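One letter stands for each residue in the lines below.
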Amino acid sequence: MASLIDNARKLQEEFTAEAGKVRETPRSSLIEELRVSWLGRKGALNKLYEDLKSVDKAERPEAGKAINQLRQSIEKEVNELKELAVGFEIKEKLSRTPVDISLPLKGELSQGSLHPVTLMRSLLLKAFRRLGFTVYDGPEVDQDFYNFSALNIPEHHPARDMQDTFFLKDKNFLLRTHTSNIQIHAMLQEKPPVRLVAPGRVYRVDNDATHTPMFHQIECVVVDRGISFSHLKGIIDSFLKSVFGNDLQTRFRPSFFPFVEPGAEVDLQCTICRGKGCRVCSHTGWLEIGGSGMIHPNVFESVQYDSEDYTGFAFGFGIDRMAMLAYGLPDLRQMFTGDYRYLSQFPIYR
Ligand code: DAH
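Along each chain, residue indices are assigned from 1 in the same order as the chain's sequence is written. Per-residue local features of the predicted model are confined to residues with pLDDT of at least 70, and side-chain atom pairs are confined, for both listing and counting, to 80 or more; whole-chain, interface and lining totals are unaffected and use all residues. As a convention, hydrogens and water are excluded, and side-chain values are obtained from all of the structure's heavy atoms.

**As for the overall build of the protein chain**
- Helix and strand definitions here come from DSSP, where helices need a minimum of 4 consecutive H or I residues and strands a minimum of 2 consecutive E residues; each element is numbered from the N-terminal end. For the protein chain, the helix and strand inventory stands at eleven helices and nine strands.
- The globule rule is 2.2 Å times the number of residues to the power 0.38, and the radius of gyration it is compared with is taken over C-alpha atoms. Compactness check: the protein chain gives a C-alpha radius of gyration of 36 Å against a globular reference of 20 Å for 350 residues, more than 25% above the reference.
- C-alpha atoms of the protein chain, sized along the principal axes, occupy 105 × 55 × 40 Å.
- The long-range fraction of contacts in the protein chain, counting pairs at least 24 apart against all pairs at least 6 apart in sequence, stands at 69%.
- Between the mean site of the 44 positive side-chain charges and the mean site of the 46 negative ones, the protein chain shows a separation of 5 Å. The contact definition used throughout considers only heavy atoms, calling two residues in contact when any of these lie within 4.5 Å. We score Asp and Glu as negative and Lys and Arg as positive, and we do not count His or the chain ends. Taken as the charge location is NZ of Lys, CZ of Arg, CG of Asp or CD of Glu.

Now the structure itself:
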C-alpha cells in the first residue's frame, strides 16, 4: 500500500517534469501526446487503477484517493496547457516568414480544362444569346405529364416506345427522356411570345458506342404570331453555322415526333469529310443531330395557348453529338468515364 502511494507521488513528479517541457512550446500535438500517455486507455493512470485492485481492502480508500488526486492534477495541467496552446500556435504562425504571393511559380503550372460537353454548351448558348434567346432550366426528375402526355404522347401510345424510360418507384415520376419537358414547363409559366433555349441532361435505357444512359440535349422553343417553318430553318442554319463554320450545309428530312406537325430530322454536313463521304457519316456525307418541327396544336392546348392565334417551332439537338462532331471524338462513352488524361486534351474555353 505504501508502495502504491509512493508510486503515485513518483508519477506526479514525472508528470510535472514532462508537462514542464511541453509548457516551453505548448503545441496541440505535444499536449495530445502527453494526455494520451497519462490519461489514455493504456496510459500510466489506468495502470495505477489496475494495481489498486490488489491493494488490501482496508487500505484501498486512501490509495484510491491518492490516485484520484493525481488524475485531477494531470487533468488540470492538460487543460491549462490546451489554453496556452491557442495563443502559442497563433504567435508561431504569425512569426513565420510570410508567403509572397507576387512571386512567380516554379515548375509547370497545371491548368484545368473544360469537359467537351461544357465547351459545346457554352458555344451554343453564346450563339443563342446573340440571337436574343432566354436560357431556361427544368427538372431532370419529372412527371409523366410534362415529359409525355402534355407533349401529345398519351399513355399507351406507341410513340412512348421511341424512348426507353427510367421510371421511379412512384410510377408517376421518371427521369426525363428529353429536354422537351421544358417546353411545357416554360409555356405554362410564360405568355407568348416566347423565345428560349434549355440545355440539360436526359436519360434513356440505352448503352453502346453511340448511346449512353445519360446524355445532353438542348431544346429550343419559339412561339409568336406568324412563326413559320422558314423561321425554324433560318435559326437552325444560323446557329449551326456559327458553331461549325459557314461552309457547312444543313438538311431537313421529314420525320415523325408526336409534339410537332410537320416534323423533321436535321442533318449537318459531315464535319470530318465535309460532305464527301467517310466512315463517320457512313459514306452519306451527312450526320443527324436532332429533331425539329412546328409545335402541334395539341401541345398548345395542354398549355392553354390559342393555336388559332399563335404558331411556333421547337427543336431538340444532342449536345454530346455535336461535341463529338466538333472535336472528332469516336466514342461517346469515353466522354463520361471521367478519365483525366482524356479530358485534359481539351483546350480551356476562352
Ligand atoms: N425530343 C426529341 C427526342 O429527344 C427531339 C425533338 C424532336 C425535340 C422534335 C423537338 C422537336 O423539340 O420539335 O428525340
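Having seen the structure, we can now continue with the description.
**Quick notes on unusual backbone geometry**
- In this chain, Pro-192 is followed by Pro-193 through a cis amide linkage whose omega measures 5 degrees.
- Among the secondary structure elements, Pro-193 is positioned in the loop between helix H7 (181–189) and strand E4 (194–203).
- With an omega of -5 degrees, the peptide bond between Glu-261 and Pro-262 qualifies as cis.
- Topologically, Pro-262 is positioned in strand E7 (residues 260–269).
- Of note in this structure, His-156 is not a glycine but carries a positive phi near 70 degrees.
- Mapped onto the fold, His-156 is located in the loop between helix H6 (144–147) and strand E3 (173–175).
- Judged by its relative accessible area of 72%, His-156 falls in the exposed class. The buried label goes to any residue with under 20% of its type's maximum accessible area, the exposed label to any with over 50%, and the partly exposed label to all in between, with areas taken from a 1.4 Å probe on protein chains only.

**Quick notes on the packing of helix H5 (residues 116–130) against helix H10 (residues 319–327)**
- Helix axes use the C-alpha atoms of the stretch in contact, all axes being lines fitted to C-alpha atoms, and the angles between their N-to-C directions lie in the range 0 to 180 degrees. Remark: H5 packs on H10, axes separated minimally by 9 Å, with the N-to-C direction vectors making an angle of 100 degrees. On the basis of the axis angle, H5 is roughly perpendicular to H10. Judged by residue contacts, Pro-116, Val-117, Leu-119, Met-120, Arg-121, Leu-123 and Leu-124 of H5 engage Ile-319, Asp-320, Met-322, Ala-323, Ala-326 and Tyr-327 from H10.
- When the residues that make up the contact of H5 with H10 are grouped by side-chain class, the tally is eleven nonpolar, no polar and two charged. We call two directions roughly parallel when the angle between them is under 35 degrees, roughly antiparallel when it is over 145, roughly perpendicular when it lies between 65 and 115, and oblique otherwise. The residue classification treats Ala, Val, Leu, Ile, Met, Phe, Trp, Tyr, Cys and Pro as nonpolar and Asp, Glu, Lys and Arg as charged. All others, Gly included, are polar.

**Comments concerning the nonpolar core**
- Formed by 46 residues in total, the largest nonpolar core has its most connected members in Phe-239, Phe-315 and Met-322.
- Contributions of two or more residues to this core are made by H5, strand E5 (214–224), helix H8 (229–244), E7, strand E8 (286–295), strand E9 (311–318), H10 and helix H11 (340–343).
- Residue contacts for Phe-239: discarding those within four places in its chain leaves Leu-124, Ala-127, Phe-128, Phe-315, Phe-317 and Met-322.
- Within the second largest apolar cluster, 26 residues are counted, among which are Phe-148, Ile-153, Ile-182 and Val-221. Residues belong to a common nonpolar core when they are buried Ala, Val, Leu, Ile, Met, Phe, Trp, Tyr or Cys residues joined through side-chain atoms within 4.5 Å.

**Comments concerning the packing of H8 against H10**
- Their axes nearest at 11 Å, the elements H8 and H10 cross at an angle of 40 degrees. Our classification of the angle between H8 and H10 gives oblique. Residue-level inspection shows Phe-239, Leu-240 and Phe-244 of H8 in contact with H10, the latter providing Met-322, Leu-325 and Ala-326.
- Here the residues of the contact of H8 with H10 sort into six nonpolar, no polar and no charged.

**Observations concerning the layout of surface pockets**
- Using only the protein atoms, space was sampled on a 1 Å grid; points where a 1.4 Å probe fits but cannot get out form cavities, open sets with protein on both sides within 12 Å along at least five of seven lines form pockets, and lining residues are those with an atom within 4 Å of a point. Grid points are joined across faces, edges and corners, and a volume is the space filled by probe spheres set on the points. Within this model, the largest pocket holds a volume of roughly 830 Å³.
- Of all elements in the fold, only E5, E7, E8, E9 and H10 reach the threshold of two or more residues within the lining of the largest pocket.
- Approximately 370 Å³ is the volume found for the second largest pocket.
- Every residue lining the second largest pocket is counted, 16 residues in all, and those nearest its centre are Val-280, Leu-287, Met-324, Leu-329 and Pro-330.
- Only E8 and H10 provide two or more residues apiece to the lining of the second largest pocket.
- Within the lining of the second largest pocket, the residues separate by chemical class into nine nonpolar, four polar and three charged.

**Details of the pattern of salt bridges**
- A carboxyl oxygen of Asp or Glu within 4 Å of a side-chain nitrogen of Lys or Arg is what we treat as a salt bridge. All told, the structure shown has 16 salt bridges when counted by the stated rule.
- Glu-140 is the partner of Arg-201 in a salt bridge, and the nearest nitrogen-oxygen pair spans 3.3 Å. In this pair, Arg-201 sits in strand E4 while Glu-140 sits in the loop between strand E1 (134–135) and strand E2 (141–143), placing the two residues 61 residues apart along the sequence.
- Taking the relative accessible area as the measure of exposure, Arg-201 reaches 40% and is therefore partly exposed.
- Residue Glu-140 is classed as partly exposed on the basis of its relative accessible area of 26%.
- Between Arg-341 and Asp-339 there is a salt bridge, and its shortest N-O distance comes to 2.9 Å.

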